[in-house]
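Understanding the architecture of this molecule
Spelled out from the first residue to the last, the chains are:
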Amino acid sequence: MYVTMGQAFALCRFGFGLYFFVQGWDKVTRGWLASPQILSNLLFGNPAAQPPTRGAVANSEAFYRPFLEGVVQPNVALVAQLVTIGELTVGVLLLLGLLTSLGAIIGVWLNLHYMLMKGLAANGGSVDRLSRRARAVGSRRGGG
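Note that this is a predicted model, so its numbers are computed, not measured. (Residues numbered from 1 in each chain as written. Predicted model: local features only at pLDDT ≥ 70, side-chain atom pairs only at ≥ 80, totals over all residues. Heavy atoms only, no water.)

**A word on the packing of helix α1 (residues 5-30) against helix α4 (residues 76-96)**
Test applied: Where helices are involved, their axes are fitted lines through C-alpha atoms of the stretch in contact, as for all axes, and angles between N-to-C directions lie from 0 to 180°. Under the scheme used here, helices are H or I runs from DSSP no shorter than 4 residues and strands are E runs no shorter than 2 residues, and both carry numbers assigned from the N terminus. Any angle that is under 35 degrees is reported as roughly parallel, and any over 145 degrees as roughly antiparallel; angles of 65 to 115 degrees are reported as roughly perpendicular and all others as oblique. For any helix crossing, the convention is left-handed if the near helix is rotated counterclockwise from the far helix by under a right angle, and right-handed if that rotation is clockwise. Contacts are residue-level and defined by heavy atoms, with any inter-residue pair within 4.5 Å sufficient.
The N-to-C vectors of α1 and α4 enclose an angle of 150°; their axes lie 7 Å apart at closest approach. As summarised for this structure, α1 and α4 are arranged roughly antiparallel, according to the angle between their axes. For α1 against α4, the interelement crossing comes out left-handed. Taken together, the residues of α4 that come into contact with α1 (itself represented by R13, F14, F16, G17, L18, F20, F21, Q23, G24, W25, K27 and V28) are V83, T84, E87, L88, V90, G91, V92, L94, L95 and L96.

In structure tokens:
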């Protein structure tokens, strides 16, 4: 059985759509639409936490940091809602095959911002779940 080029692209489109939809749904269930505190802690850290956290801004690209501090931080509630709705929209568009070019452009735009926020050299934009899982397993085994 051979897979045509169109079928291969459809599988990729479906996979990315599922990924974005799951990420967006996770944000909905964790309360990103109602509470900006989650995004604020992710970006700017939580000095009240034990131990205090620094946030992603500490590792972000130098030219992107002023945008995070000057635009995102004062409007963190709106940005949290836009990110959540954007991920759900990209997921639905790609899963259903509707306006796929628009969905792909929005998805690339979101990923570009995630990469700049976390820092390109850190390679953190693509391995979040894997690194969290590895740290959890390492801490249970007594490792770091």
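So, next bit.
**Some details on the side chain of K27**
Applicable threshold: Buried means the residue's accessible area, taken with a 1.4 Å probe over protein chains only, is under 20% of the maximum for its type, while exposed means over 50%, and partly exposed covers the values in between. Throughout this description, a polar contact denotes any pair of N or O atoms lying within 3.5 Å of each other; where both atoms belong to protein, one of them has to be capable of donating a hydrogen while the other can accept it, and for residues adjacent in sequence the pair is counted only when both atoms sit in side chains.
Mapped onto the elements of the fold, K27 is located in helix α1. Note on K27: relative accessible area 9%, which makes it buried. Within the structure, the side chain of K27 is placed 3.2 Å from the side chain of E87, a separation counted as a polar contact. Other than its neighbours up to four places away in sequence, K27 contacts W32, V83, T84 and E87.

**Focus: α1**
How we decide: Given a helix with a known number of residues, its expected span is that number minus one, times 1.5 Å.
The end-to-end C-alpha separation of α1 is 38 Å, in line with the 38 Å expected for 26 residues at 1.5 Å each. Count one or two residues on from α1 and you reach G31, which has phi positive near 95°.

**Notes on the environment of Q81**
Residue placement: Q81 occurs in helix α4. Between the C-alpha atoms of Q81 and K27, which are 54 residues apart in sequence, the distance is 9.3 Å. Contact partners of Q81, with chain neighbours within four places excluded, come to W32 and L33. A polar contact is formed between the side chain of Q81 and the backbone oxygen of L33, at a distance of 3.1 Å.

**A few points about the packing of aromatic side chains**
Basically, it comes down to this: Each Phe, Tyr or Trp ring (for Trp, its six-membered ring) is paired with any other whose centre lies within 6.5 Å, and the angle between the two planes then decides the class: stacked below 30 degrees, edge-to-face above 60, tilted in between. Sitting over a ring, as applied to charges here, requires NZ of Lys or CZ of Arg to be within 6 Å of the ring centre and within 35 degrees of the ring normal.
This structure, assessed with the given rule, holds 3 aromatic pairs. Considering the side-chain rings of F21 and W25, the 6.4 Å spacing of their centres and the 10° angle between planes classify their relative orientation as stacked. Of the two residues, F21 and W25 are both situated in helix α1; the distance of 4 residues between them amounts to about one turn of the helix. In this structure W25 comes out as partly exposed when scored by relative accessible area, which is 49%. Between K27 and the ring centre of W32, over which it is positioned, the NZ or CZ distance is 4.9 Å.

**Quick word on α4**
Taking 1.5 Å per residue as the helical rise, α4 with its 21 residues ought to reach 30 Å, and the 30 Å between its terminal C-alpha atoms agrees with that figure. For α4, every residue scored as buried is listed here: V76, V79, A80, V83, T84, G86, E87, L88, V90, G91, L93 and L94. Tucked inside the fold, the buried residues of α4 contact α1, α2 (37-44), α3 (65-72) and α5 (100-118). Just past α4, the residue G97 takes up positive phi, approximately 75°.

**So, the nonpolar core**
Note the following rule: Only buried Ala, Val, Leu, Ile, Met, Phe, Trp, Tyr and Cys residues count toward a nonpolar core, and they belong to the same one when joined by side-chain atoms within 4.5 Å.
Core analysis: the biggest nonpolar cluster contains 20 residues, and L39, L43, L68 and M117 have the highest contact counts within it. Non-local contacts of L43, meaning those with residues more than four positions away in its chain, are made with R54, G55, A56, V57, L68, V72 and M117.

**A short note on unusual backbone geometry**
A positive phi is found at L99, a non-glycine position, where the angle reads about 45°. Tracing the backbone shows L99 in the loop between α4 and α5.

Honestly, that's just the spatial picture; any functional story needs more than this.
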